[in-house]
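# Observations on the three-dimensional arrangement
Spelled out from the first residue to the last, the chains are:
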Amino acid sequence: MATELDPQVEAYLHDLSAEGVPPLYTLSVSDARDTYRRLSVVDDPDPSVETADQRVPGPAGAIPIRTYDPGDSDGPVVVFLHGGGWMLGGLDTHDALCRALAAAAETVVVAVDYRRAPEHRFPAPLADCYAATEWVAEERGSDGLVLVGDSAGGNLAAGVSLLAARRGGPTIDRQVLAYPVTNHAFDTDSYTENAQGYFLTRKDMERFWNAYLRSDTDGRHPHASPLRAETPSSFPPTTVLTCGFDPLRDEGQAFADKLDAAGVPTTHRSYDDVIHGFLTMLHDPNLDRAREAIDDIAADIRQ
C-alpha cells in the first residue's frame, strides 16, 4: 500500500483547496451537479473519436445514449455506465474518459445517460442501465459485450450483470468495475483512513446513498449492494480497480476477493497512489496514472 500520493494528484488536491472548491455534500443537488460538471468536462475533446447521440427504449421512456466510434473498430462493444454518486454525472462529465477508452481499446463505446437520484431512486437507474444493455446487445453486440462502470457506475454494472445472469439476459463477456460502490455500509478501514481530504469523502458517500435509496432496506438488496449478493456461476470475468486513497478501496477489494473465491475469473488492479475518480482526470489535470489505467482497461476489454 502506497503511503504517498502521486505528485500530480497531490498538486490537484492542493489546487482544489486553494481555489476554495466546497465539499460536494455541502451543496444543493443543482450546485453539486454544476461543480462536478465544471471539474469534469473537457473543453477540447479528442476529435479523432466520432460521437453520435440517440435515444433507446427504456422502462420509463427513452434513455439517452452516446456512441463513441474510433474507426476501424473490431473489438467487443463496450457499455459504459458513468459515476457521480448516482446523482451528479452524465454523458458530458465522462465524455473524455469514453473517448480515451474507445481510442485505447479500438472499439465502440456506448455511454448510458440513466435517470439520476434523488429524482429517481433505486432501482430506477439500474432498470435504465439494464434496458440499455439489452438494446446494445441486440443491436451491436455481435462481436461481444463488455460492461464498464466507474464508482456508482461500477455498482450499476455489477447490478446489470446480476440481473442478466438471473434472468437469462444478454451475455456479458467481461465487466470492468473502477473503484465501485459495492456495499451500503461505512465500516471499513478505508472509510476511516480516507474519510476526508482526498476529494471523495465519507460524508459525500452518505449523501449519495441517502439520495439513491428509498430506505435502508433497499441498501441491503443485492442489486444495490452487490457485495451482499450470492455470486452466480454465470457471472462474467471481472476486472476491479481500486485506489489507495479512496473510502471505497476496501469494499472494492472485498468484492474482487468474493468473486475470486466463487471461481469467477477476476483481475484486481490496485492503483495505490491515486484518489477516487482519477480516471476522469484527463485535462487540468492530465494524470499520467489515468492514462496508464485506461490502457490497462483497454487490454482487459480486448482480452
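Scope of this entry: the structure provided in the associated data block.

### Side note on the pairing of strand β3 (residues 77-81)
- The element β3 is extensively covered by neighbouring structure, given that 5 of its 5 residues are classed as buried.
- Going residue by residue along β3, you find Val77, Val79 and Leu81 tucked away on one face and Val78 and Phe80 tucked away on the opposite face as well.
- Summarising the sheet, β3 and strand β4 (residues 109-112) pair through 4 bridges and their orientation is parallel. From the neighbouring strand, Leu81 faces β4, where its bridge partner is Val112.
- Taking the sense of rotation as the criterion, the β-α-β connection linking β3, helix α3 (residues 95-105) and β4 turns out right-handed.

### Here we look at the packing of aromatic side chains
- Following the criterion strictly, the structure yields 8 aromatic pairs and no others.
- Summarising the aromatic geometry, the rings of Trp86 and Tyr212 are spaced 4.2 Å apart at their centres and angled 5° between planes, so their arrangement reads as stacked. Taken together, the residues Trp86 in the loop between β3 and α3 and Tyr212 in helix α7 (residues 202-212) connect sequence positions 126 residues apart.
- Taking 5.3 Å as the distance between ring centres and 75° as the angle between the ring planes, the aromatic pair formed by Phe186 and Tyr191 counts as edge-to-face.
- An aromatic cluster is built from Trp86, Phe122, Trp209 and Tyr212, whose rings are joined through pairwise contacts.
- A cation over a ring is seen here: Arg167 above Tyr130, with NZ or CZ 4.9 Å from the ring centre.

### A look at the environment of Leu24
- Within the fold, Leu24 resides in the loop between α1 (7-19) and α2 (29-40).
- When near neighbours in sequence (up to four residues on either side) are disregarded, Leu24 contacts Ala32, Thr35, Leu88, Asp204 and Arg207.

### Focus: the sheet that holds strand β2 (residues 63-69)
- In spatial order, the strands read β1-β2-β4-β3-β5-β6-β7-β8; together these 8 strands make up an open sheet with mixed pairing. Both outer strands of the open sheet, β1 (50-56) and β8 (266-275), are each paired with one neighbouring strand and no more. Averaged over all adjacent pairs, the angle separating strand axes in this sheet is 20°, with direction ignored.
- Against the sheet, helix α5 (residues 152-167) contacts β3, β5 (145-150) and β6 (174-178), and its axis sits at roughly 145° relative to β5.

### A few points about the packing of α3 against helix α10 (residues 288-301)
- Relative to each other, α3 and α10 sit at 50°, their axes nearing to 9 Å. With respect to their mutual orientation, α3 and α10 come out oblique. Read as a crossing pair, α3 and α10 show a hand that is right-handed. Residues Leu97, Ala100, Leu101, Ala104 and Ala105 of α3 pack against Arg291, Ile294, Asp295, Ile297, Ala298 and Ile301 of α10.
- Its residues assigned to classes, the contact of α3 with α10 shows 9 nonpolar, no polar and 2 charged.

### Topic: the nonpolar core
- If you look at the biggest cluster of nonpolar residues, it comprises 57 residues, and the most contacted ones within it are Trp86 and Tyr212.
- Residues in contact with Tyr212, not counting those within four places in the same chain, are Trp86, Ala117, Arg121, Phe122, Pro125, Leu126, Asn155 and Leu156.
- Within the second largest apolar cluster, 42 residues are counted, among which are Tyr12, Ala105, Ala111 and Ala290.

### Some points on the pairing of strand β7 (residues 238-245)
- Counting buried residues along β7, 8 of its 8 residues qualify, which places the element largely inside the surrounding structure.
- Note: β6 against β7, 4 bridges, orientation parallel. Counted as the bridge partner of Ala178 is Leu241 from β7.
- As judged from the 7 bridges shared by β7 and β8, these two strands associate in the parallel manner. Each bridged residue has a counterpart across the sheet, and for Phe245 the counterpart in β8 is Ile275.

Reading the values: the criteria
- Residues numbered from 1 in each chain as written.
- Predicted model: local features only at pLDDT ≥ 70, side-chain atom pairs only at ≥ 80, totals over all residues.
- Heavy atoms only, no water.
- Buried < 20%, exposed > 50% of the residue type's maximum accessible area, 1.4 Å probe, protein only.
- Helix = DSSP H or I, 4+ residues; strand = E, 2+ residues; numbered from the N terminus.
- Pairing = 2+ DSSP bridges.
- Right-handed = clockwise from strand over helix to strand, strands pointing away.
- Phe/Tyr/Trp six-rings, centres within 6.5 Å; stacked < 30°, edge-to-face > 60°.
- Lys NZ or Arg CZ within 6 Å of the ring centre and 35° of its normal.
- Contact = heavy atoms within 4.5 Å.
- Axes fitted to C-alpha atoms, helices over the stretch in contact; angles between N-to-C directions.
- Parallel < 35°, antiparallel > 145°, perpendicular 65-115°, else oblique.
- Left-handed = near helix turned anticlockwise from the far one by under 90°.
- Nonpolar A, V, L, I, M, F, W, Y, C, P; charged D, E, K, R; others polar.
- Core = buried A, V, L, I, M, F, W, Y, C linked by side-chain atoms within 4.5 Å.

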